[in-house]
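Chain by chain, the residues:
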Amino acid sequence: MHELLLYGQVPLSRHEQVLKVLAGVAAMQPRRILQRHIIYKPDREPEEAGLNRPRGGTQTIAVKQTKQVGSKDLNYCQLIQQLSEDEFGNPSKGPPVHGGGAGAEAKWTLVFNDTPDTGDRGVLTRLSQNTDIISGDPHAYMVAARHQFVSEYYIEGHRFVHENVVILLHRVLHEPGVRSLATAPKDDLPAFSSLQPLDSSGGYILETKIRVQDLNHPAVLEAGVSELKRFQTQMKGCVELSEPERLALDTRVKYKPQTT
Amino acid sequence: MRYSGLYFIPIHGATQEASASTLASLIVGIESHFEFATRQSSWSLSHRLLRSVPPANLPPHAPKPAQSFQHILHVSYLSRDKTYCYIHPFTPPSAATVAAVGVKAETSATPSVGIKGEPTSQAGTPLPIQDTTGPTPGYGTIIAIPYAQSESHLGYLGTQLSPLWAYRHALHIYQGITYTAGQYILNIGEVRMARSGPSSSSNLVSPGVVVCITTVTGGDGYAEETDSGYGGDTEDIEMDIEELEGEVRQVWNVIKKGIDFGKGDIREVMMGRDALNGETQKEAVVRMWCDALKLRG
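Residues numbered from 1 in each chain as written. Chains lettered and ligands numbered in written order. Predicted model: local features only at pLDDT ≥ 70, side-chain atom pairs only at ≥ 80, totals over all residues. Heavy atoms only, no water.

Regarding its fold elements, chain A presents 3 helices and 10 strands. Starting at the N terminus and ending at the C terminus, chain A contains elements arranged as β-α-β-β-β-β-β-α-β-β-β-β-α. In chain A, which comprises 260 residues, the proportion classed as buried is 45%. For chain A, long-range pairs separated by at least 24 residues make up 81% of all intrachain contacts whose partners lie at least 6 apart in sequence. Total accessible area on chain A stands at roughly 14200 Å², and carbon and sulfur atoms take up 51% of it. (Helix = DSSP H or I, 4+ residues; strand = E, 2+ residues; numbered from the N terminus. Buried < 20%, exposed > 50% of the residue type's maximum accessible area, 1.4 Å probe, protein only. Contact = heavy atoms within 4.5 Å. Areas by Shrake-Rupley, 256 points an atom, 1.4 Å probe, with all protein chains shown as cover.)

What follows is the structure, encoded as structure tokens:
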């Protein structure tokens, strides 16, 4: 599945106003969203770029060159847990990270977002893969699938749906203090009041998204791009939606040369 | 509460004709030995196997990291709308084990899932992998994902995670046959393997036939609260695993009477001790199927 994306910024002072405008545009009450995002990366380091390509000239007899297959990138991925406010700071109520439960609605989702494509459509395009985890231990699965824990953060905001556009007005929260030595997500959620915005100004991000199943249908892709741009125009004057720098959403694990 | 045992009958040459013939013999065996056997609705299975890829830039003398298998399994009679992802480490078979012909699969020291081979003649068909490390209770990790997301998840593993996981094979059972015979449920089916690609349906071979024998015990026999009968309350039921396994073997001995399965060791896999815990019964069934469907070659 692919996503078409535009982003905007909303200062804290205008948050309530924008929330009301979006409720009017989408003709629905905002749906409160609280999520925990746990970041994982593969448990091996990526190879140096271009290492597998031949360098320099050769004096061998010219033979038919087989296609050099580049090394595949390694990417970060995430486990996203849906939360409610009363689960914070309450070990007895919070869903454990080591147990997906067997509820009717999956609480955990494995999310992979690829680096956005290059292109000049006016909107950001990227491959996205979501897999709901209905039962089992999501963290144990990620470790068994050759990933290691990196860090975790929280998202709080509100979601709207306007025709095919999914609108998320949100901000990133985190627990202050350094946890660089953590090798697993916390078992118990912290109190919600202890979380602080990552952006110290308290500003919000407006993410607008349209999901497209297959980019190989030009008509469907164009329809999606047009609809997102119409929404962009509709929101002009309230929130300026734009296409961010694609490398700001780069999820590739960077190669780090070994220091001797 | 249900307890299951599985028998994998390798087919010499992996031809569909031989497989169909074996299946027909088993059907005749069931219908002749179980007078009141009643045919039920069909079932299906889909099994994809991936193996972990060791890092490419390992120093030559560095010890090889442990390898893992990842199974993506859907069994319609276990759950229609869930697919199970099971990851477990494994030890590659030693050279001596690989070279031997007609090798028996030995039961591990502390088995939860019992793996046994029935010695017949020398094996000329793909051998099951000799899993010398287990499995033991709670071995490996299992999650369940929606069945509708199976293909996209498999695509993610095979493309974005291709540096970590390499695709091995895809096995399917289409139109499996189910019989109920008193307190037993018999699921049989031909295993089909696609020669190339994760979902190619052309150029299929049939490496074997599976027979899953389930004995229903305790209370009214069926746990109505689950869609498969597994996972019911087992607290009030006294169970003797050996007795249950003995029952399953008895049924198998009756079914296979008079049938010549030709060359190849028939592989027996039992649910094991996880069956005692109501919550992990389904996981025990998943492990059982995955252990049986690990093929080599």
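Back to the write-up after that little detour.
Moving on to the side chain of arginine 267 of chain B. Residue and element names in this part refer to chain B. Looking at the secondary structure, you find arginine 267 in strand 11 (residues 266–270). For the buried arginine 267, no salt bridge exists, and the shortest N-O distance to an oppositely charged side chain is 5.8 Å, to aspartate 291. In terms of polar contacts, arginine 267 uses its side chain to reach the backbone carbonyl oxygen of aspartate 291, at 2.5 Å. (Lys, Arg positive; Asp, Glu negative; His and termini not counted. Salt bridge = Lys/Arg side-chain N within 4 Å of Asp/Glu carboxyl O. Polar contact = N/O pair within 3.5 Å; in protein donor to acceptor, adjacent residues only side chain to side chain.)

Another aspect to go through is the nonpolar core. The tendency in soluble globular proteins is for nonpolar side chains to be buried as a group. If you look at the biggest cluster of nonpolar residues, it comprises 63 residues, and the most contacted ones within it are Trp252, Ile255 and Trp289 of chain B. The element best represented in this core is helix 5 (residues 281–292) of chain B, accounting for 7 residues. (Core = buried A, V, L, I, M, F, W, Y, C linked by side-chain atoms within 4.5 Å.)

Moving on, we come to the interface of chain A and chain B. A common way to express how large an interface is: the accessible area buried when the components associate. Counting from both sides, the interface comprises 26 residues of chain A and, opposite them, 31 residues of chain B. Roughly 2300 Å² of surface becomes buried between chain A and chain B when both sides are summed, with 60% attributable to carbon and sulfur atoms. The three residues of chain A that bury the most area against chain B are Arg44, Tyr141 and Arg146 of chain A, which together make up 30% of that side's buried surface. Scanning the region where chain A abuts chain B turns up 0 salt bridges. There are 11 residue pairs in polar contact (both at pLDDT 80 or more) connecting chain A and chain B. Counting only elements with at least two residues in the side of chain A that touches chain B, the list comes to strand 4 (108–113), strand 5 (124–133), strand 6 (135–136) and helix 2 (138–144) of chain A. If you tally residues by element for the side of chain A that touches chain B, the top one is strand 5 of chain A, at 6 residues. Within the side of chain A that touches chain B, the residues separate by chemical class into 12 nonpolar, 6 polar and 8 charged. (Buried area = accessible area lost by both parts, 1.4 Å probe. Nonpolar A, V, L, I, M, F, W, Y, C, P; charged D, E, K, R; others polar.)

Charged atoms that come close allow side chains of opposite charge to pair. For the structure on display, the rule yields 18 salt bridges over all chains. Note that arginine 32 of chain A and glutamate 85 of chain A form a salt bridge whose closest N and O atoms lie 3.2 Å from each other. Here arginine 32 of chain A, found in strand 2 (residues 31–42), pairs with glutamate 85 of chain A, found in the loop between strand 3 (77–82) and strand 4; they are 53 residues apart in sequence, far enough to count as distant. Across the salt bridge formed by arginine 48 of chain B and glutamate 151 of chain B, the nearest N and O atoms sit 2.8 Å from each other. Taken as a pair, arginine 48 of chain B in strand 3 (residues 43–52) and glutamate 151 of chain B in helix 3 (residues 150–158) lie far apart in primary sequence, 103 residues in all. Among the ionic contacts, a cluster of salt bridges with common partners joins Glu3, Arg126, Glu207 and Lys209 of chain A.

Before going further, it helps to spend a moment on the packing of aromatic side chains. Enumeration over the complete set of coordinates arrives at 8 aromatic pairs over all chains. Taken together, a centroid distance of 5.7 Å and an interplanar angle of 55° make the contact between tryptophan 43 of chain B and tryptophan 289 of chain B tilted. Residue tryptophan 43 of chain B is found in strand 3, and its partner tryptophan 289 of chain B is found in helix 5; the two are separated by 246 residues along the sequence. Its relative accessible area of 2% is what places tryptophan 43 of chain B among the buried residues. Relative to phenylalanine 261 of chain B, the ring of tryptophan 252 of chain B has its centre 5.8 Å away and its plane inclined at 15°; by these criteria the two rings are stacked. For the pair shown, tryptophan 252 of chain B and phenylalanine 261 of chain B are each scored as buried. Every member of this aromatic cluster is reached through a ring pair, and the members are Phe88, Tyr154 and Phe192 of chain A. (Phe/Tyr/Trp six-rings, centres within 6.5 Å; stacked < 30°, edge-to-face > 60°.)

All names here are of chain A. Summarising burial for strand 10 (residues 204–212): 7 of the 9 residues are buried, a large majority. Bridging between strand 1 (residues 2–10) and strand 10 involves 9 bridges; their strand directions are antiparallel. If you follow valine 10 over to strand 10, its bridge partner there is tyrosine 204. (Pairing = 2+ DSSP bridges.)

On to helix 1 (residues 15–26) of chain A, then. Residues and elements named next belong to chain A. Between the first and last C-alpha of helix 1 there are 16 Å, a value that for 12 residues agrees with the 16 Å anticipated at 1.5 Å per step. Within the span of helix 1, buried status applies to His15, Val18, Leu19, Leu22, Ala23 and Ala26. Taken down its axis, helix 1 places every buried residue within 140° of arc, on the same side. More than 90 degrees from the buried face of helix 1, the exposed residues found are Lys20 and Gly24. Where helix 1 is buried, its residues meet strand 1, strand 7 (147–162), strand 8 (165–174), strand 10 and helix 3 (218–234). Within two residues after helix 1, alanine 27 carries a phi angle of roughly 55°, on the positive side. (Expected span 1.5 Å × (residues − 1). Arc of directions from axis to C-beta.)

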